[in-house]
Amino acid sequence: MPPVALLKKEKRNLSWKVATNLLSSFKYAWQGVKYAFVTQRNFRIHVLMTSIALSLGFYLHVSTVEMAIISLTCATVLVLELLNTAIESVVDLTVKQTYHELAKIAKDCAAGAVLISAMASVLVAGFILLPHGIDLIISLLN
(Lines give C-alpha, C1' and ligand atoms only; values in the text may rest on other atoms or scores of the structure.)
Protein backbone atom coordinates (compact mmCIF):
# COMPACT_ATOMS: atom_id res chain seq x y z
CA MET A 1 0.00 0.00 0.00
CA PRO A 2 1.50 3.37 -0.98
CA PRO A 3 2.38 5.76 1.86
CA VAL A 4 -0.34 8.24 0.88
CA ALA A 5 -3.03 5.54 0.99
CA LEU A 6 -1.77 4.41 4.39
CA LEU A 7 -1.92 7.97 5.67
CA LYS A 8 -5.46 8.45 4.36
CA LYS A 9 -6.55 5.16 5.91
CA GLU A 10 -5.35 6.20 9.37
CA LYS A 11 -6.15 9.90 9.08
CA ARG A 12 -7.07 11.62 12.30
CA ASN A 13 -9.04 14.79 12.70
CA LEU A 14 -7.14 17.90 13.67
CA SER A 15 -3.78 16.14 13.57
CA TRP A 16 -2.05 19.42 14.38
CA LYS A 17 -3.45 19.37 17.92
CA VAL A 18 -1.60 17.88 20.86
CA ALA A 19 -2.81 14.44 21.94
CA THR A 20 -5.42 14.83 24.65
CA ASN A 21 -4.25 11.91 26.76
CA LEU A 22 -1.37 9.52 27.26
CA LEU A 23 -3.10 6.63 25.51
CA SER A 24 -3.57 8.78 22.39
CA SER A 25 0.11 9.72 22.47
CA PHE A 26 1.14 6.06 22.55
CA LYS A 27 -1.35 5.26 19.78
CA TYR A 28 0.09 7.97 17.51
CA ALA A 29 3.66 6.92 18.30
CA TRP A 30 2.84 3.31 17.46
CA GLN A 31 1.27 4.46 14.17
CA GLY A 32 4.62 6.02 13.30
CA VAL A 33 6.47 2.78 14.03
CA LYS A 34 3.86 0.82 12.06
CA TYR A 35 4.14 3.27 9.14
CA ALA A 36 7.91 2.86 9.03
CA PHE A 37 7.64 -0.94 9.21
CA VAL A 38 5.08 -1.09 6.40
CA THR A 39 6.71 1.43 4.06
CA GLN A 40 10.45 1.36 4.78
CA ARG A 41 12.40 -1.71 3.62
CA ASN A 42 15.47 -0.73 5.63
CA PHE A 43 13.43 -0.44 8.84
CA ARG A 44 12.21 -4.01 8.31
CA ILE A 45 15.80 -5.14 7.70
CA HIS A 46 16.93 -3.46 10.93
CA VAL A 47 14.06 -5.09 12.86
CA LEU A 48 15.10 -8.50 11.46
CA MET A 49 18.75 -7.94 12.36
CA THR A 50 17.75 -6.78 15.86
CA SER A 51 15.72 -9.97 16.29
CA ILE A 52 18.65 -12.09 15.15
CA ALA A 53 21.14 -10.31 17.43
CA LEU A 54 18.87 -10.58 20.49
CA SER A 55 18.03 -14.21 19.74
CA LEU A 56 21.72 -15.06 19.42
CA GLY A 57 22.38 -13.24 22.68
CA PHE A 58 19.79 -15.36 24.48
CA TYR A 59 20.96 -18.56 22.80
CA LEU A 60 24.60 -17.89 23.68
CA HIS A 61 23.70 -16.89 27.27
CA VAL A 62 25.43 -13.53 27.15
CA SER A 63 25.36 -11.50 30.34
CA THR A 64 22.61 -9.06 31.22
CA VAL A 65 24.93 -6.11 30.66
CA GLU A 66 25.95 -7.43 27.24
CA MET A 67 22.28 -7.92 26.30
CA ALA A 68 21.56 -4.36 27.43
CA ILE A 69 24.38 -3.05 25.24
CA ILE A 70 23.14 -5.01 22.22
CA SER A 71 19.56 -3.87 22.86
CA LEU A 72 20.50 -0.21 23.20
CA THR A 73 22.70 -0.30 20.12
CA CYS A 74 19.96 -1.92 18.03
CA ALA A 75 17.36 0.50 19.42
CA THR A 76 19.58 3.40 18.37
CA VAL A 77 19.59 2.13 14.80
CA LEU A 78 15.79 1.79 14.80
CA VAL A 79 15.34 5.26 16.31
CA LEU A 80 17.63 6.81 13.72
CA GLU A 81 15.77 4.99 10.95
CA LEU A 82 12.50 6.47 12.25
CA LEU A 83 14.07 9.94 12.34
CA ASN A 84 15.43 9.41 8.84
CA THR A 85 11.92 8.55 7.64
CA ALA A 86 10.52 11.64 9.36
CA ILE A 87 13.18 13.91 7.85
CA GLU A 88 12.64 12.47 4.37
CA SER A 89 8.88 12.99 4.68
CA VAL A 90 9.23 16.60 5.79
CA VAL A 91 11.77 17.33 3.06
CA ASP A 92 9.51 15.74 0.43
CA LEU A 93 6.58 17.78 1.73
CA THR A 94 8.63 20.96 1.46
CA VAL A 95 10.28 20.52 -1.95
CA LYS A 96 7.47 18.45 -3.50
CA GLN A 97 8.63 17.08 -6.87
CA THR A 98 11.51 19.53 -7.36
CA TYR A 99 15.21 19.02 -6.80
CA HIS A 100 16.97 21.13 -4.21
CA GLU A 101 20.59 20.69 -3.16
CA LEU A 102 19.78 21.37 0.52
CA ALA A 103 17.03 18.74 0.43
CA LYS A 104 19.57 16.25 -0.93
CA ILE A 105 22.02 17.15 1.83
CA ALA A 106 19.36 16.73 4.55
CA LYS A 107 18.27 13.34 3.21
CA ASP A 108 21.84 12.11 2.64
CA CYS A 109 22.99 13.17 6.12
CA ALA A 110 20.00 11.49 7.78
CA ALA A 111 20.69 8.31 5.83
CA GLY A 112 24.37 8.58 6.74
CA ALA A 113 23.48 8.73 10.43
CA VAL A 114 21.56 5.47 10.06
CA LEU A 115 24.45 3.89 8.15
CA ILE A 116 27.03 4.80 10.79
CA SER A 117 24.81 3.56 13.62
CA ALA A 118 24.13 0.30 11.76
CA MET A 119 27.85 -0.28 11.21
CA ALA A 120 28.55 0.43 14.88
CA SER A 121 25.75 -1.94 15.85
CA VAL A 122 27.28 -4.74 13.77
CA LEU A 123 30.65 -4.12 15.44
CA VAL A 124 29.14 -4.13 18.94
CA ALA A 125 27.19 -7.32 18.25
CA GLY A 126 30.31 -8.92 16.77
CA PHE A 127 32.52 -7.98 19.72
CA ILE A 128 29.97 -9.37 22.16
CA LEU A 129 28.53 -12.39 20.33
CA LEU A 130 31.56 -13.71 18.47
CA PRO A 131 33.59 -14.77 21.55
CA HIS A 132 30.53 -16.54 22.99
CA GLY A 133 29.92 -18.26 19.66
CA ILE A 134 33.54 -19.37 19.41
CA ASP A 135 33.40 -20.73 22.99
CA LEU A 136 30.25 -22.70 22.08
CA ILE A 137 31.85 -24.18 18.98
CA ILE A 138 35.00 -25.16 20.91
CA SER A 139 32.94 -26.79 23.66
CA LEU A 140 30.94 -28.76 21.07
CA LEU A 141 34.11 -29.96 19.39
CA ASN A 142 35.65 -31.21 22.65
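Numbering of residues starts from 1 in each chain and follows the order in which that chain's sequence is written. The model is predicted, so local features are restricted to residues of pLDDT at least 70 and side-chain atom pairs to those at 80 or more, both for listing and for counting; the totals for chains, interfaces and linings are taken over all residues. For the side-chain quantities, the full set of heavy atoms in the structure was used; hydrogens and water were omitted.

### Brief notes about the overall build of the protein
Logical step 1: Numbered from the N terminus, helices here are DSSP runs of H or I no shorter than four residues, and strands are runs of E no shorter than two. A tally of helices and strands in the protein yields five helices and zero strands.
Logical step 2: For the protein, the α and β elements follow one another from N to C terminus as α-α-α-α-α.
Logical step 3: Relative to its full complement of 142 residues, the protein shows a buried share of 24%.
Logical step 4: Across the protein, contacts joining residues at least 24 apart in sequence account for 67% of those joining residues at least 6 apart.
Logical step 5: Where accessible areas are quoted, they stem from the Shrake-Rupley method and a 1.4 Å probe; at the residue level, only the protein chains shown are allowed to cover. Of the accessible surface of the protein, which amounts to about 10300 Å², a share of 72% is contributed by carbon and sulfur atoms. Burial here depends on accessible area, computed with a 1.4 Å probe over protein chains only, as a share of the maximum for the residue type. Under 20% is buried, over 50% is exposed, and the range in between is partly exposed. Contact between two residues is taken to exist if any of their heavy atoms lie within 4.5 Å; hydrogens are not considered.

### Quick look at the packing of helix H3 (residues 41-59) against helix H4 (residues 64-95)
Logical step 1: For every element, the axis is a line fit to its C-alpha atoms; helices are fit only across the contacting stretch, and the angle between N-to-C directions ranges from 0 to 180 degrees. The contact between H3 and H4 brings their axes to 10 Å, and the two run at 175 degrees. Here H4 runs roughly antiparallel to H3, going by the angle between their axes. For the pair H3 and H4, contact is made by Asn42, Phe43, His46, Val47, Thr50, Ala53, Leu54, Gly57 and Phe58 and by Met67, Ile70, Ser71, Cys74, Val77, Leu78, Glu81 and Leu82, respectively.
Logical step 2: Residues of the contact of H3 with H4, tallied by class, amount to eleven nonpolar, five polar and one charged. Any angle that falls under 35 degrees is termed roughly parallel, while one over 145 is termed roughly antiparallel, one within 65 to 115 roughly perpendicular, and all others oblique. When residues are sorted by character, Ala, Val, Leu, Ile, Met, Phe, Trp, Tyr, Cys and Pro go into the nonpolar class, Asp, Glu, Lys and Arg into the charged class, and all the rest, Gly among them, into the polar class.

### A few points about the pattern of salt bridges
Two side chains carrying opposite charge are able to pair once their charged atoms lie near each other.
Logical step 1: Salt bridges, as used here, are contacts in which a Lys or Arg side-chain nitrogen is within 4 Å of a carboxyl oxygen on Asp or Glu. The tally for this structure, following the rule as stated, stands at two salt bridges.
Logical step 2: The closest approach of N and O atoms between Lys107 and Asp92, which form a salt bridge, is 2.6 Å. With a gap of 15 residues between them, Lys107 in helix H5 (residues 101-141) and Asp92 in helix H4 connect regions that are remote in the sequence.
Logical step 3: Judged by relative accessible area, Lys107 falls into the partly exposed class, the value being 24%.
Logical step 4: For Asp108, the salt bridge is made with Lys104, and the minimal N-O distance between the two is 2.4 Å. Of this pair, Asp108 and Lys104 both sit in helix H5, four residues apart, which is roughly one turn of the helix.
Logical step 5: Among the residues examined, Asp108 registers a relative accessible area of 42% and is labelled partly exposed.
Logical step 6: Lys104 sits in the partly exposed class, given a relative accessible area of 36%.

### Quick word on a nonpolar patch on the surface
Logical step 1: To count toward a patch, a residue needs a relative accessible area over 30% and no salt bridge; like charges are then connected within 9 Å, while nonpolar side chains (Val, Leu, Ile, Met, Phe, Trp, Tyr) are connected within 5 Å. On the surface, Ile45, Leu48, Met49, Ile52 and Leu56 cluster together into a nonpolar patch covering about 440 Å² of accessible area.
Logical step 2: Among the secondary structure elements, Ile52 is positioned in helix H3.
Logical step 3: A relative accessible area of 39% means that Ile52 is categorised as partly exposed.

### Notes on H5
Logical step 1: Taking 1.5 Å per residue as the helical rise, H5 with its 41 residues ought to reach 60 Å, and the 57 Å between its terminal C-alpha atoms agrees with that figure.
Logical step 2: Maximal helix bending in H5 amounts to about 30 degrees, located at Leu129; proline Pro131 follows within four positions.
Logical step 3: Turning to H5, its buried residues are Ala103, Ala110, Val114, Ser117, Ala118, Ser121, Ala125, Ile128, Leu129 and Gly133.
Logical step 4: Buried residues along H5 sit against H3 and H4. Every helix has an expected span of 1.5 Å times one less than the residues it contains. The term bend refers to the angle at a residue between two fitted axes, each drawn through seven residues, those ending there and those starting there.

### What about the nonpolar core?
Logical step 1: Only buried Ala, Val, Leu, Ile, Met, Phe, Trp, Tyr and Cys residues count toward a nonpolar core, and they belong to the same one when joined by side-chain atoms within 4.5 Å. Core analysis: the biggest nonpolar cluster contains nine residues, these being Ala53, Leu60, Val62, Met67, Ile70, Cys74, Ala125, Ile128 and Leu129.
Logical step 2: Those elements that place two or more of their residues in this core are H4 and H5.
Logical step 3: If near-sequence neighbours (up to four positions away) are discounted, Val62 is found in contact with Gly57, Met67, Ile128, Leu129 and His132.

### Observations concerning helix H2 (residues 22-39)
Logical step 1: In this model, H2 (18 residues) spans 26 Å end to end at C-alpha, consistent with the 26 Å of a helix rising 1.5 Å per residue.
Logical step 2: Residues of H2 that are buried include every one of Ser24, Tyr35, Ala36 and Thr39, and no others. An end-on view of H2 places all buried positions within 125 degrees of arc, on one side of the element. Exposed side of H2, more than 90 degrees from the buried face: Leu22, Leu23, Phe26 and Trp30 are the residues found there.
Logical step 3: For H2, the capping residue at the N-terminal end is Asn21, with a side-chain oxygen 3.1 Å from the backbone nitrogen of Leu23. Note that the arc is defined by the directions from the helix axis to the C-beta atoms. Polar contact criterion, stated in full: a pair of N or O atoms within 3.5 Å, where within protein one must be able to donate a hydrogen and the other to accept it, and residues adjacent in sequence count only if both atoms are side-chain atoms.

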